[in-house]
Amino acid sequence: MPKPRQGRLAICLDAPEDMRQRWTGEAAQAVARALGLEAEICDPSAATEGAEARLLPLIGPDASYGAATEQEWRGLLATFSDIWAASEAYEEVTLFAGIGGGFRAGLYEAALGDRACLRSTALAAADIPTLGGEHAELARLYVLCHRAERVLDLTERAHAKPERANPAFLLHYAASKLSALRGAEPVEVWDAATRRLALLVAGYARVLELAHDLGAPQRLALYLCEVAHLLLDAGAAAQDRGEKAICPRVIDACEVVFCSGFAIVGTKALDENHLKSEASAKSSDKRSIDLRIKNEAFDGRTPI
């Protein structure tokens, strides 16, 4: 785990009702707390003269960040007022905003100056239907497993498809295989697949730091997906050698990464028995989350 940090982080959302912004903000809050920081998602603030005075010189036909329509100006001022208010009490501020809608990269940082450390991340649109229970949890995980600039559409239940291309399903499946892949005794000589996996999980602390420093909690989820892929590859390599297990020290490290990482992105790993029982449930069962897949589909090198 990384060396604990000190300080306070405010997280601002320019559209608090947007689920992608909300989920990303909550993940950023969890990353910051894992690093030892105090972190809160701030409520919207009223526009202030102080915020307007800092922003106004930067917007206009001849200004650094160009002209804005009246609607765009109101939106920019509302968002910067939230940042301005947060900077009064917090040393760090992270903003999540929607791509478009007048958002201009670097504008808020220029207006804020050295009053606080500001990170701004623009998120592409995501069409997310109203969901509940495990579907909502899988949708959240699916969204966080994609880069900020990727437009997402969950109306066709992409988050619930039981296939390796679905990062939400992949992560749960890989985590469920940890116990089965743990060897009884430590192995001194590792194959190439195990070495790649070990090197990747050794970088977990640095990934957390980057996710925070760049205002990009999706980096953590993408990293977990990479760990899942390499874990399954290492398991397949062991099968190719006529073995069934991986060095327990490497599996223990994977377990720590999955346990911590899953908690930060807001989910809990499902064990293999749960996956099997869900896979055998009737398709009409709303809790089955479409996990009807043969377990061997992910085993070995079977293509999906």
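See the structure shown above.
Residues numbered from 1 in each chain as written. Predicted model: local features only at pLDDT ≥ 70, side-chain atom pairs only at ≥ 80, totals over all residues. Heavy atoms only, no water.

Draft legend 1. Local environment of the pairing of strand β3 (residues 92-98). Within β3, seven of the seven residues are buried, which leaves it mostly tucked inside the rest of the structure. Here β3 shows two buried faces, one formed by Glu 92, Thr 94, Phe 96 and Gly 98 and the other by Val 93, Leu 95 and Ala 97. When strand β1 (residues 8-13) meets β3, the two strands line up parallel, connected through five bridges. Looking across to β3, one finds that Leu 9 is bridged to Glu 92. Of the crossover connections in this fold, the one passing from β3 over helix α4 (residues 107-112) to the parallel strand β4 (residues 117-123) is right-handed. (Buried < 20%, exposed > 50% of the residue type's maximum accessible area, 1.4 Å probe, protein only. Helix = DSSP H or I, 4+ residues; strand = E, 2+ residues; numbered from the N terminus. Pairing = 2+ DSSP bridges. Right-handed = clockwise from strand over helix to strand, strands pointing away.)

Draft legend 2. Region of the structure containing the side chain of Thr 267. Positionally, Thr 267 belongs in the loop between α11 (248-264) and α12 (272-279). Of the residues examined, Thr 267 reaches a relative accessible area of 9% and is grouped as buried. Side-chain polar atoms of Thr 267 contact the side chain of Glu 137, separated by 2.5 Å. When neighbours within four sequence positions are excluded, Thr 267 is seen to be in contact with Glu 137, Leu 141, His 172 and Phe 262. (Polar contact = N/O pair within 3.5 Å; in protein donor to acceptor, adjacent residues only side chain to side chain. Contact = heavy atoms within 4.5 Å.)

Draft legend 3. Fine view of the sheet that holds strand β2 (residues 38-41). Taken in spatial order, the four strands make up an open sheet running β2-β1-β3-β4, and their pairing is parallel. A strand with exactly one partner marks an edge of an open sheet, and here the two such strands are β2 and β4. Across the sheet, the axes of successive neighbouring strands diverge by a mean angle of 15 degrees, strand direction being ignored. Strands β1, β3 and β4 of the sheet are contacted by helix α3 (residues 70-86), whose axis makes an angle of about 165 degrees with β1. (Axes fitted to C-alpha atoms, helices over the stretch in contact; angles between N-to-C directions.)

Draft legend 4. Up close: the nonpolar core. Core analysis: the largest hydrophobic core is formed by 55 residues, its most contacted members being Leu 171, Leu 197, Leu 220, Tyr 223, Leu 224, Leu 231 and Phe 258. Listing elements by their share of this core, those giving two or more residues are α1 (19-34), α5 (133-144), α6 (167-176), α7 (178-181), α8 (192-202), α9 (204-213), α10 (218-240) and α11. Sequence-distant contacts of Leu 197, defined by excluding residues within four places in its chain, comprise Val 227, Leu 230, Leu 231, Ala 234, Val 250 and Cys 254. With 23 residues, the next largest nonpolar core counts Ala 10, Ala 51, Ile 83 and Leu 95 among its residues. (Core = buried A, V, L, I, M, F, W, Y, C linked by side-chain atoms within 4.5 Å.)

Draft legend 5. Highlighting the state of the cysteines. The final tally for this structure, using the stated rule, is zero disulfides. Cys 42 provides the cysteine sulfur closest to Cys 12, a residue in no disulfide bond, and the two sulfurs are 4.9 Å apart. The thiol of Cys 145 is not disulfide-bonded; the next cysteine sulfur, from Cys 225, is found 3.6 Å away. Judged by relative accessible area, which is 5%, Cys 145 ranks as buried. (Disulfide = S-S within 2.5 Å.)

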